[in-house]
Structure formats: C-alpha cells, structure tokens
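# Examination of the molecular architecture
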Amino acid sequence: MSGLELVRDVAGLRARVAVARAAGQRVALVPTMGALHAGHLSLVELARRHAGFVVASVFVNPLQFGANEDFGRYPRDEAGDRAQLARAGCDLLFAPEVTTVYPPGFATRVEVAGLSEPFEGAVRPGHFGGVATVVTKLLVMAAPDVAVFGEKDWQQLAVIRRLVADLDLPVEIVAGPVCRDADGLALSSRNAYLTADERARAAALPAALRAAATALAGGAPVEPTLGAARAALLEAGFASVDYITLVDPDTLAPLATLDGPARLLAAARLGTTRLLDTLAVAPGTPPA
Ligand code: PAF
C-alpha cells in the first residue's frame, strides 16, 4: 500500500520535512499543478535519485494565469494524482488551498527581469511573475535541498534558476528531460484539451523541431530553417505560431547563427490549445 502522506498546511509540511532531515535524509521538492502524467512521474523518479525524502506539490496557481486563460478549466484530479504519486514512490503530497498560499492581504510579487520578458512572457503578460512568486513561496515553505523541474518549460527553468541565484535560496535546481508520446508529442497536462483530430496533427510540432535541429546541425542557415518550421506547422493545421526561435540555452538571447550548443523554443496554437516544445541543437550533432 501507499506510503504517501498528504498535508495541506505549511506548518504540517515543515514538521514532516523536519522529521526527514532529523533522520539524515536529503529533501527534494517536485512542484506541479497536478493532472499528473508520465512526465511528472519521471521528475519524481529523478528527485528520488537526489534525495531520501520526496515531496510533490500540487497547486493550480491562479497568479500565473491571465484573465482570459484556462485557470477555470485547467484539469484537476487530486485522487488520480495521489494514486500516481504513491505508485511513483513519492513520500509527501503538499496540496494547499489557494488561501494558504495567498492569504487575505497577500501583496508580494517576485519578478525576474529580462529572462521573463520575451517568448512566453510577451504572449502571457504577468505569467512569469506568477510562476516566480509561487515557486519562491514553495521553496521557502518546504526548504528542500533539491527542487526538480521539467526542461519542457525551458524559459520557466531559466527564470527559476535566475531567481534562486538572485535570492540566494539554498536549493539545487535539477532539470528533467522532456517526456514524449510515441509520436514525439511532449507530454503536457494541456494535451487533454486536444480533440482526436488535433491530437493527430499535434505531432507536427516535435517533427518540425526535429527537422529544424537536423538542418541546423548540418549547417543550414537559421532564419530560413525557422521559416520552414513555421510553414510546416501552419501547413499541418496549426492556427498560429506564437514563436519558433533559436536561443542561447542560458541567456535565451536569440541566435542568428549556430556556433555552439543552443535551444529551439516553440509555442503554437492548435484549435484553442497552446502547445510548447523545445529541443537542444548543436553544430554537427543531429538530434538522437
Ligand atoms: O510548471 C508548472 O507546472 C508550474 O508552472 C509550476 C512550476 C508548478 C509553478 O506553478
């Protein structure tokens, strides 16, 4: 049977973490918004390799959703999440109420300038302020030794690494690779929004990134290659492409030429669903 414990309050979380520490265990935190899938569970497994006591948080953070975004319909399945976390060997689920994280009078925001501004930040104003605020709170609440995030949200990962460095938070950030379905689509809780027809078309996104990464690795010029990827997505039935870009993996500065390790970042809309993806690119090294 499951050894998964559940706490909803900060005092309970801290008390349980203190017991683990007193027993000599390192503590890992895997922050999530629930609706868990195999990608999240791979992060729990990665956390387990870094710590003896693994905490997952499930909190659909209202602060990171814009007024016209999907906060209301974001998938929620606490019973399913608990069962999956138990099977994955997670020790503790922290599932706070909104008023626990943002009590009446809450007035503080964490903003990471620069890295938060382009790409997702430009399309979703305020999004990264909400992410940075809740991640800071979760790190202060749980005080883990290690926190694990997915590489799929590459810009989010860069923002979190920056805030941890800037605020001297004593936590190691560990990144887990993108998990994909058999046809290459990156796993995401929002894939649940796709109709059957959209789900079939969605594989065009990873396919376009792989084709671009292969071409770039072989020396193709950046702008025409990105243009061809954009055209392939529109041809496949995507309604629009918010961005498809080649960036420095750390600074996220756009690159006009490929001279070293880089990242493709893309976001595109299929029906009413926004899909994100990312792929590493390096000169002379096509994707595996
Ligand atoms: O990536 C997510 O699921 C969320 O943005 C996070 C990091 C849990 C913060 O709410």
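A brief structural summary. (Residues numbered from 1 in each chain as written. Predicted model: local features only at pLDDT ≥ 70, side-chain atom pairs only at ≥ 80, totals over all residues. Heavy atoms only, no water.)

### Some details on helix H10 (residues 222-235)
Note the cut-off: For helices the rule is a DSSP run of H or I covering at least 4 residues; for strands it is a run of E covering at least 2, with both sets numbered from the N terminus onward. To estimate the expected span of a helix, subtract one from its residue number and multiply by 1.5 Å. The rule is simple: take the accessible area with a 1.4 Å probe, protein chains only, and divide by the maximum for that residue type; under 20% is buried, over 50% is exposed, in between is partly exposed. Directions pointing from the helix axis toward each C-beta atom define the arc.
A rise of 1.5 Å per residue sets the reference length of H10, with its 14 residues, at 20 Å; its end C-alpha atoms lie 20 Å apart and thus fit the reference within 8%. Listing the buried residues of H10 in full gives Val222, Thr225, Leu226, Ala229 and Leu233. Taken around the axis of H10, the buried residues stretch over an arc of 95 degrees, which confines them to a single face. In H10, the exposed residues that point more than 90 degrees away from the buried face are Glu223, Pro224 and Glu235.

### Thoughts on the sheet that holds strand E8 (residues 262-270)
Rules: Each pair of strands is called paired provided DSSP finds at least two bridges between the two strands. In this analysis, axes come from line fits to C-alpha atoms, helices being fitted only over the stretch in contact, and the angle between any two N-to-C directions falls in the range 0 to 180 degrees.
The 3 strands are arranged E7-E8-E9 in an open sheet whose pairing can be described as antiparallel. Edge positions in the open sheet fall to strand E7 (240-247) and strand E9 (273-281), since each of these has one partner strand only. Across the sheet, the mean angle from the axis of one strand to that of its neighbour is 10 degrees, orientation sign disregarded. Across 9 bridges, the pairing between E8 and E9 is antiparallel. Looking at E9, one finds that Ala268 is bridged to Leu275.

### A closer look at the packing of aromatic side chains
We count it as follows: By convention, a stacked pair of Phe, Tyr or Trp rings (six-membered ring in the case of Trp) has centres within 6.5 Å and planes under 30 degrees apart, an edge-to-face pair has planes over 60 apart, and any other such pair is tilted. Whether a charge sits over a ring depends on NZ of Lys or CZ of Arg being within 6 Å of the ring centre and within 35 degrees of the ring normal.
Scanning the model with the defined rule gives 5 aromatic pairs in all. Here the aromatic rings of Phe65 and Phe71 are separated by 5.3 Å at their centres, their planes lie at 65 degrees, and the arrangement is edge-to-face. Its relative accessible area of 10% is what places Phe65 among the buried residues. Between Phe119 and Tyr243, the ring centres sit 5.3 Å apart and the planes meet at 45 degrees, which makes this aromatic pair tilted. Here Phe119 is found in the loop between helix H4 (98-101) and helix H5 (120-123), whereas its partner Tyr243 is found in strand E7, with 124 residues between them in sequence. Across this residue pair, the class does not change: Phe119 and Tyr243 are buried. Cluster of aromatic residues (ring-pair linked, three or more members): Phe59, Tyr102 and Phe106. In this structure, Arg73 is placed above the aromatic ring of Tyr193, and the distance from its NZ or CZ to the ring centre is 3.8 Å. Residue placement shows Arg76 over the ring face of Phe71; its charged tip is 4.8 Å from the ring centre.

### Overview of the site of the ligand
What counts, and what does not: The criterion for a residue being near a molecule or strand is simple. One of its heavy atoms has to lie within 4 Å of it. Pairing of N or O atoms within 3.5 Å defines a polar contact, subject to two protein rules: one partner must be a possible hydrogen donor and the other a possible acceptor, and residues neighboring in sequence count only if both atoms are side-chain atoms. In this count, Pro and Cys sit with the nonpolar residues alongside Ala, Val, Leu, Ile, Met, Phe, Trp and Tyr, while Asp, Glu, Lys and Arg are called charged and the others, Gly among them, polar.
For the ligand, the full set of nearby residues is Pro31, Thr32, Met33, Gln64, Val134, Phe149 and Gln156. Between Gln64 and the ligand, the recorded distance is 2.6 Å, taken from a side-chain N or O atom to an oxygen atom. Between Gln156 and the ligand, the recorded distance is 2.7 Å, taken from a side-chain N or O atom to an oxygen atom. Class assignment for the residues of the shell around the ligand results in 4 nonpolar, 3 polar and no charged.

### Digging into the sheet that holds strand E2 (residues 27-32)
Strands sit in the order E1-E4-E3-E2-E5-E6 across an open sheet of 6 strands; the sheet is parallel. Looking at strand neighbours, the two that pair on one side only are strand E1 (5-7) and strand E6 (172-176), the edges of this open sheet. Averaged over all pairs of adjacent strands, the angle between strand axes in this sheet comes to 25 degrees, irrespective of strand direction. Judged from the 5 bridges that link them, strand E5 (residues 146-150) and E6 form a sheet pairing that is parallel. Paired with Val146 across the bridge in E6 is Glu172.

Spatial relationships are all this shows, so hold off on functional conclusions.
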